[in-house]
Amino acid sequence: MSSTTQAVRAGGREWNATNITGSALLVVVAAWVLWNFIDAPTQTLQVMILGLCNGALYALIALGYTLVYGIIELINFAHGDLFMLGSIFAAVMIADVFGQETSNPAGWLAFAITFPLAMAFCGSINVAVDQLAYRRLRKAPKLAPLITAVGVSFIFQNIGILWNGSAPKSRNSVLPSGGLNIGAISIPWTYLFTLGITIPLLMVLTYIVQKTRQGKAMRATAQDPDASRLMGINTNRTIAFTFALGGAMAGAAAIMYLQTNGTTRYDAGFQLGLIAFTAAVLGGVGNLTGAVLGGLLIGLIQGLNDGAPHGLGQEWSQSVVFTILILLMVFRPAGILGSQTMEKV
Amino acid sequence: MAAVTATPVKATPPRRLIGKYVQPAAFLIVGLLVPTIVTNVPAFEDRWLPLTTMVLCAIFVLFTLGLNIVVGYAGLLDLGYVAFFLFGAYTAAWLMSDFFFQIDPGIHIWSAAVPTAPGINISFWIVLPIAALVAAIAGVIIGAPTLRLKSDYLALVTLGFGEILPQVFRNGESIKGFNLSNGTKGIAPVNAIDMYWLSWTGVVDDKINVFDYTTRYYVIFALCLLFVLVSIRLRDGKLGRAWLAIREDELAASLMGVPLMRTKLWAYGVGAAAGGIGGAFYCVSLGGVNVDTFNFQFSVIVLCMVILGGMANVYGCILGAVILTWVNYTGMKEIGNAINNTFGTTIEMPHYQFLIFGFVLVLMMLFRRDGILPAARQKQSRAVDEQIEKIGTEEVPA
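Rules used throughout
Residues numbered from 1 in each chain as written. Chains lettered and ligands numbered in written order. Predicted model: local features only at pLDDT ≥ 70, side-chain atom pairs only at ≥ 80, totals over all residues. Helix = DSSP H or I, 4+ residues; strand = E, 2+ residues; numbered from the N terminus. Rg over C-alpha atoms; globule rule 2.2 N^0.38 Å. Contact = placed C-beta atoms within 7 Å. Pairing = 2+ DSSP bridges. Buried ≥ 20, exposed ≤ 12 C-beta atoms within 10 Å, placed from the backbone. Expected span 1.5 Å × (residues − 1). Bend = angle between axes of the 7 residues up to and from the residue. Axes fitted to C-alpha atoms, helices over the stretch in contact; angles between N-to-C directions. Left-handed = near helix turned anticlockwise from the far one by under 90°. Nonpolar A, V, L, I, M, F, W, Y, C, P; charged D, E, K, R; others polar. Core = buried A, V, L, I, M, F, W, Y, C linked by C-beta atoms within 7 Å. pLDDT = per-residue confidence, 0-100.

This next bit is on the overall build of chain A. Within chain A, the regular secondary structure consists of 13 helices and six strands. What you see for chain A is a C-alpha radius of gyration of 21 Å, in line with the 20 Å of a compact globule of 345 residues. A separation threshold of at least 6 residues defines the contact pool for chain A, and within that pool the share at least 24 residues apart is 75%.

Right, dumping it as structure tokens:
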């Protein structure tokens with residue numbers, strides 16, 4: 001705390017040891033990106049764009065975390081596994097129910113039908129879990145719902161094993177293969193499609209939260225559940241609605257992940273869930289725009305690390321993401337967009 | 001608040017006797033006698049309670065007691081306990097094998113290794129405190145920048161460390177040309193536990209042989225006993241009271257003059273030391289380390305043991321650790337076999353392990369949140385809470 005007392009105010013912003021170290025780190029990262037870019041411009045751009053598209057997926061999953069955390073302060077450990085169940089569901093629907101394995105109009109139709117179904121599937125599971133388990137723990141100490149979420153995550157993973165087998169299964173994409181070529185850079189259609197779907201979804205979500213009555217209820221409940229109840233808001237239904245929204249986002253991410261990555265595996269949710277939660281925290285947990293920004297940033301950094309000429313390579317991917325998380329927690333615990341709030345006493 | 005003081009809370013009478021004598025006595029007697037009984041009943045030894053599982057149970061008891069100090073006493077949610085386990089195990093592997101074969105002739109200090117072996121070969125009994133120290137230092141280093149965070153963020157950062165460290169050791173085969181951890185191949189073999197200091201009595205050999213699980217069990221049981229004592233003494237002492245104060249209300253504790261940072265770091269250090277000791281023993285007991293052992297699941301399972309048994313209650317933690325370890329390594333399989341034999345079914349019980357595990361966790365949280373053996377303090381505060389909730393719902397006498 002001594003650094004705070006020695007802080008001098010310069011240009012309206014506090015400069016102290018923490019701030020300076022943090023800024024220095026940012027400069028180093030920027031220099032590293034620039035170095036990559038000068039060395040191999042096309043390769044760097046290529047991995048950056050692919051990273052951004054992956055980041056869109058992270059953003060969708062991160063939204064589920066951030067929505068739930070924002071309203072009941074629960075780190076929903078089961079969210080990543082919900083996403084995994086969604087991807088298996090989508091794969092089973094497209095390949096087994098509709099019998100589509102290749103990219104043709106019938107396959108596209110199957111995709112179009114499965115898309116809302118996957119969203120509904122994940123949304124309803126999320127609501128069911130909330131109503132069966134978390135709802136009874138609203139007044140319990142914080143650790144109780146967290147452990148419950150871990151338990152639910154175990155249950156989901158086991159369902160994943162029973163449904164999909166313990167080995168990863170490869171699935172064919174029903175979306176067009178190939179991609180858009182701009183000069184030496186090529187972007188697969190599926191990735192572009194992911195971006196194209198993510199953006200409208202985010203707009204709809206923002207609209208719901210910012211403009212509708214239900215969104216207002218959500219924001220009120222997040223701020224003070226007791227006061228909201230006194231104002232006549234059905235907080236329980238509002239929380240359930242939030243879970244539904246978060247689940248639906250996970251469902252959308254799941255089917256897009258299936259199309260871009262082409263595999264279903266029971267443990268996919270764990271890693272992706274952790275990364276997505278990091279993204280949510282990076283942007284300032286509870287902040288929708290922040291979650292999207294965090295997801296894109298994490299995707300970008302991961303893409304650069306895995307593919308850029310001076311990156312550490314894929315085997316360090318996880319470490320890089322979590323190092324960012326830890327540094328961020330140390331230097332800016334509220335996230336990029338989160339505001340530094342005073343501790344409630 | 002006046003209403004609360006007006007109607008004094010009738011907490012359940014503290015069952016001091018059970019807490020003070022029955023639980024410790026039960027722990028001691030069961031811990032000391034079970035191996036002898038088990039080895040004499042073949043049905044038990046082979047199927048229901050093999051000594052290998054018992055050794056694992058005891059190791060997990062040690063981990064659980066360590067995590068209990070961090071989570072149960074100090075109330076700091078740690079989701080990266082695996083990091084300390086890892087440090088303990090690798091410390092033992094480094095100091096008790098020919099891994100650093102460049103050092104030739106090797107360093108030998110009362111080791112069970114062949115005197116000509118290269119590398120660092122130090123007695124297990126010296127490695128134990130070193131492993132504890134390494135883990136404790138790691139705990140303090142991890143803790144120092146993160147402990148000012150609020151609980152959820154702290155959980156996340158510890159989780160981050162728990163993910164990074166295994167990856168570093170997984171990729172650690174050649175860090176700038178230096179082989180840190182032998183990567184996915186792991187380090188094996190590791191020297192056995194040396195017993196020169198006790199072998200003159202004739203009870204044990206010069207070292208613990210590969211199949212000698214009974215002696216191994218008693219060694220880890222002694223370590224558990226030590227840590228039970230440490231836990232209880234610490235809890236009742238000044239440091240323990242400071243931990244509880246921080247757990248209940250950090251702000252109030254700091255206003256009362258509890259040094260937050262130092263107290264929290266002590267919790268991390270002591271908790272990590274238990275993890276380090278357990279890790280060192282695990283490594284030596286299995287005769288090597290494999291980086292795949294160190295994953296997030298481990299941290300979660302140890303946390304589940306603490307919560308299932310009863311947070312902040314030493315004997316609850318022991319019970320939780322024993323039950324879950326047994327279920328994980330033996331129970332699930334044997335119960336499945338028993339069901340199949342009785343009803344003629346072909347259910348593969350282990351396939352449903354995590355399903356059942358998950359349901360147990362969820363149901364415990366819903367219906368018995370304080371664990372199987374709740375801490376006395378928890379019970380009292382629950383009683384107070386219920387009393388407070390009743391206020392206002394009572395009918396006003398006419």
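So much for the structure itself; the text now carries on.
Okay, the sheet that holds strand β1 (residues 96-97) of chain B next. Residue and element names in this part refer to chain B. The three strands lie next to each other as β1-β3-β2, forming an open sheet whose pairing is mixed. Only two strands of the sheet have a single partner each, and these edge strands are β1 and β2 (107-109). Two elements, β2 and strand β3 (residues 120-122), share three bridges in a ladder whose sense is parallel. Paired with I107 across the strands is I120, a residue of β3.

Turning to unusual backbone geometry, a few remarks are in order. Residue and element names in this part refer to chain B. In this structure, P189 follows A188 across a cis peptide bond, with omega equal to -5°. Within the secondary structure, P189 sits in the loop between α7 (151-170) and α8 (196-199). Notably, A312 is not glycine yet its phi reads approximately 70°, a positive angle. On the secondary structure map, A312 appears in the loop between α13 (296-309) and α14 (314-343). Of the residues examined, A312 has 27 C-beta atoms within 10 Å and is grouped as buried.

Okay, helix α5 (residues 105-132) of chain A next. An ideal rise of 1.5 Å per residue puts 40 Å on 28 residues; α5(A) measures up with 40 Å between its terminal C-alpha atoms. Its maximal kink placed at A:T114, α5(A) deviates by approximately 25°, while the proline A:P116 follows within four residues.

Residues and elements named next belong to chain A. Put simply, helix α4 (residues 79-97) and α5 touch, their axes get as near as 9 Å, and they point 145° apart. For α4 against α5, the interelement crossing comes out right-handed. Contacts between α4 and α5 involve L82, L85, G86, F89, A90, M93 and I94 from the first element and A110, F111, T114, L117, A118, F121, C122, I125 and N126 from the second. In terms of residue class, the contact of α4 with α5 is made up of 13 nonpolar, three polar and no charged.

The next point concerns the interface of chain B and chain A. With 29 residues of chain B in contact, the opposing surface of chain A contributes 31 residues. Those elements that provide at least two residues to the side of chain B that touches chain A are α6 (124-146), α7, α13 and α15 (353-367) of chain B. Sorting elements by how many residues they give to the side of chain B that touches chain A places α7(B) first, with ten residues. Considering only residue class, the side of chain B that touches chain A consists of 20 nonpolar, six polar and three charged.

In terms of nonpolar packing, the biggest core is built from 231 residues, with A:A253, B:A58, B:L62, B:A92 and B:A93 touching the most fellow members. The biggest single contributor to this core is helix α3 (residues 41-72) of chain A, with 20 residues.

This paragraph deals with the confidence of the model for chain B. Residues and elements named next belong to chain B. The pLDDT averaged across chain B works out to 84; a share of 92% of its residues lies at or above 70. Within chain B, helix α1 (residues 2-6) has the poorest average pLDDT of any element, 46, and helix α5 (residues 82-95) the best, 94. Contacts for the low-pLDDT stretch residues 1-6, under 50 throughout, to residues beyond four places or in other chains number two contacts. Interface confidence in the predicted complex, given as ipTM, is 0.81; pTM for the same model is 0.85.

What follows covers helix α12 (residues 260-286) of chain B. Residues and elements named next belong to chain B. Taking 1.5 Å of rise per residue, the 27 residues of α12 would be expected to cover 39 Å, and the 39 Å separating its terminal C-alpha atoms lies within 8% of that figure. With respect to burial, α12 is a largely interior element, 22 of its 27 residues being buried. One or two positions beyond α12, positive phi appears at G287, with a value near 80°.

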